[in-house]
Amino acid sequence: MDAVRLIRRELDGRVPLIGFSGSPWTLATYMVEGSSSKEFSTVKAMLYDRPELLHRLLDTVAAPSPFISMRKSPPARKPLCCSTPGWRVGPA
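Residues numbered from 1 in each chain as written. Predicted model: local features only at pLDDT ≥ 70, side-chain atom pairs only at ≥ 80, totals over all residues. Heavy atoms only, no water.

**Student:** Outline helix H3 (residues 41-49), listing residues and values.
**Tutor:** Buried residues of H3: Val43, Lys44 and Met46, and no others. One side of H3 holds all its buried residues, which, seen down the axis, span an arc of 155°. (Buried < 20%, exposed > 50% of the residue type's maximum accessible area, 1.4 Å probe, protein only. Helix = DSSP H or I, 4+ residues; strand = E, 2+ residues; numbered from the N terminus. Arc of directions from axis to C-beta.)

**Student:** So, the confidence of the model for the protein: which residues are in play, and what are the values?
**Tutor:** Put simply, the protein has an average pLDDT of 78, and 67% of its residues get 70 or more. The element-level mean pLDDT for the protein is lowest in helix H5 (residues 66-69), coming to 54, with helix H4 (residues 51-61) highest at 93. (pLDDT = per-residue confidence, 0-100.)

**Student:** Break down the nonpolar core for me, with residues and values.
**Tutor:** Counting residues in each nonpolar core, the largest one holds 10 residues, listed as Trp25, Ala28, Val32, Phe40, Val43, Met46, Leu54, Leu57, Leu58 and Val61. Put simply, the parts of the chain that give this core at least two residues each are helix H2 (24-33), H3 and H4. Considering every element that reaches this core, the biggest residue donor is H4, with 4 residues. (Core = buried A, V, L, I, M, F, W, Y, C linked by side-chain atoms within 4.5 Å.)

**Student:** Residue-level account of H4, with values.
**Tutor:** Every buried residue of H4 is accounted for by Leu54, Leu57, Leu58 and Val61. Projected down its long axis, H4 shows its buried positions confined to an angular sector of 100°, all on one face. Opposite the buried face of H4, at more than 90 degrees from it, the exposed residues are Arg56, Asp59 and Thr60. Contacts from the buried residues of H4 go to H2 and H3. (Contact = heavy atoms within 4.5 Å.)

**Student:** Please give an account of the packing of H2 against H3 that cites residues and values.
**Tutor:** Between H2 and H3, whose axes approach to 8 Å, the crossing angle comes to 105°. Between H2 and H3, the angle is such that the two are roughly perpendicular. For the pair formed by H2 and H3, the contact residues are Trp25, Thr29, Val32 and Glu33 on the first element and Ser41, Thr42, Val43 and Met46 on the second. Here the contact of H2 with H3 is composed, by residue class, of 4 nonpolar, 3 polar and 1 charged. (Axes fitted to C-alpha atoms, helices over the stretch in contact; angles between N-to-C directions. Parallel < 35°, antiparallel > 145°, perpendicular 65-115°, else oblique. Nonpolar A, V, L, I, M, F, W, Y, C, P; charged D, E, K, R; others polar.)

**Student:** With reference to specific residues and values, describe the environment of glycine 22.
**Tutor:** With respect to the helices and strands, glycine 22 occurs in strand E1 (residues 18-22). The class for glycine 22 is buried, based on a relative accessible area of 8%. Here the alpha-carbon distance between glycine 22 and alanine 62, two residues 40 residues apart in the chain, equals 9.7 Å.

So this is what it looks like as structure tokens:
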């Protein structure tokens, strides 16, 4: 949080600080695949072979980020959440 406050102070209101996060599925796919993916083969295999492990990972990354979710005074004035298309999940 200190880094975010420092950046906001340096920006001095000239431009908004944009907070970025992926949806839980997006964060999980990047964590499992190790980079972006067109096929999602590793995370799809996890979905079918180790669903309990993937669910634990999704539950963990679904916890709100303090950088985006602080209600009283959010450090990021323009939060943005991006999502990897879940419809791409089909049989591995």
